[in-house]
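In case you want the letters, here they are:
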Amino acid sequence: MVVLFPLAYSLWLSFTDVNLLRSTGPAIELFGVRVPLFRFVGLQNYVRIFDDPLYWSSLWRTLYFVGAFVVEATLMGLGMALVLNERFGGRPLMRSLLLIPWSLSRVVVGLLWVGILDFEFGALNGVLHNLGLIERSISFFRDGFTALNVLVSVYMWNQAPFATLLFLAGMQSIPEEHYMAAAVDGAGYWRRLFHITLPALRPILFLILVLSTVNGFLMLDLIYVLSMGGPGQETTTISWLGFQTAFSFFKFGPGTAILYTLTALCLLLTFVYHWVVLRRFEAEA
């Protein structure tokens with residue numbers, strides 16, 4: 001019930017219309033307070049959002065954000081896992097430090113990067129200026145495309161350690177005998193990587209792709225702290241648009257409908273990942 005009731009209620013809400021700021025329409029009086037009633041409108045909310053140019057611009061922006069984030073987080077996580085899977089001095093300490101970005105709240109992460117990227121007092125601008133690499137401060141959030149890529153990079157910094165942890169667990173579950181046999185056959189590092197490590201990591205890769213995609217679609221905190229959807233609406237994603245529609249304009253029906261399109265996209269991409277990554281793996285198994 002903890003999961004099913006909110007899910008069913010939110011789905012029903014996406015087919016209704018209510019606006020707490022509207023003074024007309026069906027309502028009841030409770031202790032002298034006018035409480036608007038939800039009115040069932042069927043697919044009208046979905047038709048409206050699909051006719052809204054802002055929705056489609058936010059959708060393409062979201063797809064770019066999610067695609068860039070998934071690629072960056074996956075490749076960075078794999079690279080760090082390959083390094084931390086090797087034996088070297090200080091490896092336990094490096095593994096512990098790796099988890100710090102992931103363990104931080106995303107609001108804290110946003111505030112931390114505000115201090116780093118701020119136009120006037122940011123630490124990054126200060127370091128670049130002291131090194132003589134720039135003459136004037138860089139405004140990282142002045143241009144919409146640049147701001148969107150900054151959000152991708154900050155979110156990757158926060159989430160890539162989790163991908164590293166999963167990849168590292170997968171690597172350590174591969175029997176050492178496979179690598180010893182490959183070494184006897186004369187296989188070098190890259191051949192062992194492409195013919196032993198990466199094929200064995202396909203289930204882990206599938207899990208990381210799904211989790212990264214869902215997290216990317218639902219990312220809201222960093223936008224709230226770093227850009228508020230700006231400049232203009234250049235960093236407005238579907239999650240931010242749904243949040244604004246529901247909780248800033250109190251249009252709960254359209255806002256919920258907007259967010260349910262993300263649910264459909266997540267399910268669709270999960271099937272795509274399964275077909276691309278795991279279909280052949282399951283056939284071989």
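Rules of the game
Residues numbered from 1 in each chain as written. Predicted model: local features only at pLDDT ≥ 70, side-chain atom pairs only at ≥ 80, totals over all residues. Heavy atoms only, no water. Helix = DSSP H or I, 4+ residues; strand = E, 2+ residues; numbered from the N terminus. Buried < 20%, exposed > 50% of the residue type's maximum accessible area, 1.4 Å probe, protein only. Areas by Shrake-Rupley, 256 points an atom, 1.4 Å probe, with all protein chains shown as cover. Contact = heavy atoms within 4.5 Å. Core = buried A, V, L, I, M, F, W, Y, C linked by side-chain atoms within 4.5 Å. Polar contact = N/O pair within 3.5 Å; in protein donor to acceptor, adjacent residues only side chain to side chain. Expected span 1.5 Å × (residues − 1). Arc of directions from axis to C-beta. Axes fitted to C-alpha atoms, helices over the stretch in contact; angles between N-to-C directions. Parallel < 35°, antiparallel > 145°, perpendicular 65-115°, else oblique. Left-handed = near helix turned anticlockwise from the far one by under 90°. Nonpolar A, V, L, I, M, F, W, Y, C, P; charged D, E, K, R; others polar.

## A look at the overall build of the protein
And then number 1: Broken down by element type, the protein carries 13 helices and four strands.
And then number 2: With respect to the three principal axes, the spread of C-alpha positions in the protein is 80 × 55 × 35 Å.
And then number 3: Put simply, the protein has 285 residues, and 38% of those count as buried.
And then number 4: As displayed, the protein has an accessible area near 16,600 Å², and 69% of this comes from carbon and sulfur atoms.

## Focus on the environment of glycine 255
And then number 1: Residue placement: glycine 255 occurs in helix H13 (residues 252-284).
And then number 2: With residues near it in sequence (within four places) discarded, glycine 255 still touches Gly242, Thr245 and Ala246.

## Describing the nonpolar core
Most often, soluble globular proteins have nonpolar side chains that are buried together.
And then number 1: Core analysis: the biggest nonpolar cluster contains 41 residues, and Tyr55, Phe65, Phe69, Val154 and Leu222 have the highest contact counts within it.
And then number 2: Among the elements of the structure, helix H2 (44-50), helix H3 (53-84), helix H5 (106-117), helix H7 (144-172), helix H10 (202-218), helix H11 (221-227), helix H12 (238-247) and H13 are those that each provide at least two residues to this core.
And then number 3: Aside from chain neighbours lying at most four places away, what touches phenylalanine 65 is Leu148, Leu151, Val152, Tyr155, Gly216 and Met219.

## With respect to the side chain of serine 227
And then number 1: Residue position: serine 227 is located in helix H11.
And then number 2: Looking at serine 227, its side chain comes within polar contact range of the side chain of threonine 235, at 2.9 Å.
And then number 3: In contact with serine 227, not counting residues within four places along its chain, are Phe141, Leu151, Leu222 and Thr235.

## Digging into H5
And then number 1: Taking 1.5 Å of rise per residue, the 12 residues of H5 would be expected to cover 16 Å, and the 16 Å separating its terminal C-alpha atoms lies within 8% of that figure.
And then number 2: Looking only at H5, the buried set comprises Val109, Gly110, Trp113 and Leu117. For H5, the angular spread of the buried residues around the axis is 100°, confining them to a single face.
And then number 3: Here the buried face of H5 lies against helix H4 (91-103), helix H6 (123-130), H7 and H11.

## Some words on the environment of tyrosine 9
And then number 1: With respect to the secondary-structure elements, tyrosine 9 resides in helix H1 (residues 4-13).
And then number 2: Note: C-alpha distance between tyrosine 9 and valine 127 (118 residues apart in sequence) is 51 Å.

## Points about the packing of H5 against H7
And then number 1: Contact pair H5 / H7: the axes reach a minimum separation of 11 Å and the direction vectors enclose 125°. In this view, H5 runs oblique relative to H7, as classed from their interaxial angle. Handedness of the H5/H7 crossing: right-handed. When H5 is examined against H7, the residues Arg106, Val109, Leu112, Trp113 and Leu117 are found in contact with a partner set consisting of Val150, Val154, Tyr155, Trp157, Asn158 and Gln159.
And then number 2: For the contact of H5 with H7, the per-class residue count stands at eight nonpolar, two polar and one charged.

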